[in-house]
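Topology and contacts: notes
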Amino acid sequence: EVSITKFPADERKIIAKAHDKYKKARAGIINTRHGQIHTPAFMPVGTKGTVKAMLPESVQTTGADIILGNTYHLMLQPGAKRVFKLGGLHKFMNWSKPLLTDSGGFQVMSLSKLRKITEEGVIFNSHIDGSKFMLSPESSTEIQYLLGSTITMAFDECTPYPSTYEQAKSSMELTSRWAKRSRKAFYSRDGYGQFGIIQGSIYNDLRLKSALDLIELDFEGYAIGGLAVGEGQELMFKVLDYAPDLLPINKPRYLMGVGKPADIIGAVQRGIDMFDCVIPTRSGRNGQAFTKYGVVNIRNSKYKEDNTPLEEDCLCPACKNYTKAYLHYLVKVKEILGAMLMTWHNLMYFQKLMLRIREYIAQGKDFDFIS
Ligand SMILES: CCNc1nc2cc3[nH]c(NC)nc3cc2c(=O)[nH]1
Ligand SMILES: [Zn+2]
């Protein structure tokens, strides 16, 4: 049994919608060595082996099936070999469910100093102490193995936006060569998987060529890269109107870095199954709460004597036991509990959104008005 790719037909509830806007939405289950992932799924980001301001058991109560870890940060500190020696990232951070690790390329380009891209890989200096490192398809894949990740991401180059056709073409071709090397370096085991990442920017023929190159490598799943990099929702949806259809229908499709609730809904309607985004955690720490009434900026003085919860029917600790006045105060005085409660609420909100989307798809109902 090849494990992770199982998108069992009987479990996959694809309901053709009355009008074509929803016919691509699908709900399913991905089976892995560390448990099941109900899709469409939202993955909270746990950059440095922790979802900031949350205990792993608290993340679990929000309904998350899988969380994301960042290779770039973990390879610098505490180091992949050390995590391996300590029993792997699952044990280290006390998270026993699926873990997806990114392959580091995207963060190297945004965080490290003095980067040099060669055919071999990316040579860079650590943003922490300036020491020299190399990330390549081989080293990235090995690091993710040492971390023990359930889903390993291929080492790609995220094509910047905007890019000319020529720039996008050569970047996509590099990603295809790196995907081949990533796939070769992957140590495949039952219940573990590796996802390829297609590039090609906004050019549909490049997206097609990227998909064909990667399908040949028979990954367990596929990510659509080079999006949510400043192109805006309209252009992102324009690419998503066709890109998911270039990928195998029976394998998971992952849209990296997305997104706000409306982005997630639009992408699910276009056939995307998996998401990750720092918005619920990062904006929570900055005082933004996602609610059915819209986004609440809790630092606004209008909340300083508001004795009501963020959402009266939300089951998270912030809503069950505290008022907006208290959250307003905690965030204003930068108390750690403020970051904890706001994060917990936002993660609960995002998981509730995904649960409702999965239910609507399973019942064959339209779901574009949920936000
Ligand atoms: C897995 C590492 N590779 C990889 N990560 C990404 C992460 C992203 N995050 C966002 N918006 C927040 N766009 C992304 C694109 C890529 C991409 O094209 N590639
Ligand atoms: Zn709440």
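Overview of the structure. (Residues numbered from 1 in each chain as written. Chains lettered and ligands numbered in written order. Predicted model: local features only at pLDDT ≥ 70, side-chain atom pairs only at ≥ 80, totals over all residues. Heavy atoms only, no water.)

1. Here's the deal with the pattern of salt bridges
The final tally for this structure, using the stated rule, is 16 salt bridges. The salt bridge partner of Arg183 is Glu220, with a shortest N-O separation of 2.8 Å. Taken together, the residues Arg183 in helix H7 (residues 165–185) and Glu220 in the loop between helix H8 (204–215) and strand S11 (221–224) connect sequence positions 37 residues apart. A residue is classified by how much of its surface remains accessible, and Glu220, at 8% relative accessible area, is buried. With a closest N to O distance of 2.9 Å, Glu312 and Lys292 form a salt bridge. Placement of the pair is Glu312 in the loop between strand S15 (294–297) and helix H12 (317–321) and Lys292 in the loop between strand S14 (288–291) and S15, with a sequence separation of 20 residues. (Salt bridge = Lys/Arg side-chain N within 4 Å of Asp/Glu carboxyl O. Helix = DSSP H or I, 4+ residues; strand = E, 2+ residues; numbered from the N terminus. Buried < 20%, exposed > 50% of the residue type's maximum accessible area, 1.4 Å probe, protein only.)

2. Structural notes on the site of ligand 1
Close to ligand 1 lie 15 residues; Asp156, Gln199, Gly226, Leu227 and Ala228 are nearest. Between ligand 1 and Asp156 there is a distance of 2.8 Å, counted from a nitrogen atom to a side-chain nitrogen or oxygen. One nitrogen or oxygen atom from the side chain of Gln199 is found 3.0 Å from an oxygen atom belonging to ligand 1. Along the lines of polarity and charge, the residues of the shell around ligand 1 split into eight nonpolar, five polar and two charged. (Near = heavy atom within 4 Å. Polar contact = N/O pair within 3.5 Å; in protein donor to acceptor, adjacent residues only side chain to side chain. Nonpolar A, V, L, I, M, F, W, Y, C, P; charged D, E, K, R; others polar.)

3. With respect to H8
Across its twelve residues, H8 extends 16 Å between first and last C-alpha, which sits within 8% of the 16 Å expected from 1.5 Å per residue. For H8, the full list of buried residues reads Leu206, Arg207, Ser210, Ala211, Asp213 and Leu214. On an axial view of H8, the arc spanned by its buried residues comes to 160°, and they lie on one face. Packed against the buried residues of H8 are H7, strand S10 (193–198), S11 and helix H9 (233–240). (Expected span 1.5 Å × (residues − 1). Arc of directions from axis to C-beta. Contact = heavy atoms within 4.5 Å.)

4. Quick notes on the coordination of the zinc ion (ligand 2)
Here the zinc ion (ligand 2) is held by the protein donor atoms Cys314 (SG), Cys316 (SG), Cys319 (SG) and His345 (ND1), which lie 2.1 to 2.3 Å from it. Classification of the site at the zinc ion (ligand 2) as tetrahedral follows from its four donor atoms and the range of 102 to 114° in their angles at the metal. (Donors = N, O, S within 2.8 Å, 3.2 Å for Na, K, Ca; no water. Tetrahedral: all angles 85-135°; square planar, octahedral: opposite > 155°, others 65-115°.)

5. Brief notes about the nonpolar core
Counting 37 residues, the largest nonpolar core has Ile224, Leu240, Leu255 and Phe275 as the members making the most contacts within it. Going through the elements one at a time, H8, S11, H9, helix H10 (261–269), strand S13 (274–277) and helix H14 (336–362) are the ones with two or more residues in this core. A per-element tally of this core places H14 first, with seven residues. Discounting chain neighbours no more than four positions away, the residues touching Phe275 are Ala41, Phe42, Met43, Tyr254, Leu255, Val258, Ile264, Ala267, Val268 and Met354. (Core = buried A, V, L, I, M, F, W, Y, C linked by side-chain atoms within 4.5 Å.)

6. Things to note about the environment of Trp178
Mapped onto the secondary structure, Trp178 falls in helix H7. Taking the C-alpha atoms as reference points, Trp178 and Lys48, separated by 130 residues in sequence, lie 25 Å from one another. Those residues in contact with Trp178, other than ones at most four positions away along the chain, are Ile117, Thr118, Glu119, Glu120, Gly121, Val122, Pro137, Phe155, Asp156 and Glu157.

7. A short note on the packing of aromatic side chains
In total, this model carries 13 aromatic pairs according to the counting rule given. Seen in terms of ring centroids, Tyr72 and Phe124 are 5.6 Å apart; in terms of plane orientation they differ by 50°. Their pairing is tilted. In this pair, Tyr72 sits in helix H2 (residues 71–76) while Phe124 sits in strand S7 (residues 122–125), placing the two residues 52 residues apart along the sequence. The burial state of Tyr72 is the same as that of Phe124; both residues are buried. Relative to Tyr222, the ring of Phe219 lies with its centre 5.9 Å away and its plane at 90°, an arrangement referred to as edge-to-face. Overall, the relative accessible area of 0% leaves Phe219 in the buried class. Through a chain of ring-to-ring contacts, the aromatic side chains of Phe42, Phe290, Tyr349 and Phe350 assemble into a single cluster. In this structure, Arg270 is placed above the aromatic ring of Phe237, and the distance from its NZ or CZ to the ring centre is 4.1 Å. (Phe/Tyr/Trp six-rings, centres within 6.5 Å; stacked < 30°, edge-to-face > 60°. Lys NZ or Arg CZ within 6 Å of the ring centre and 35° of its normal.)

By themselves, these observations are geometric and do not establish any function.
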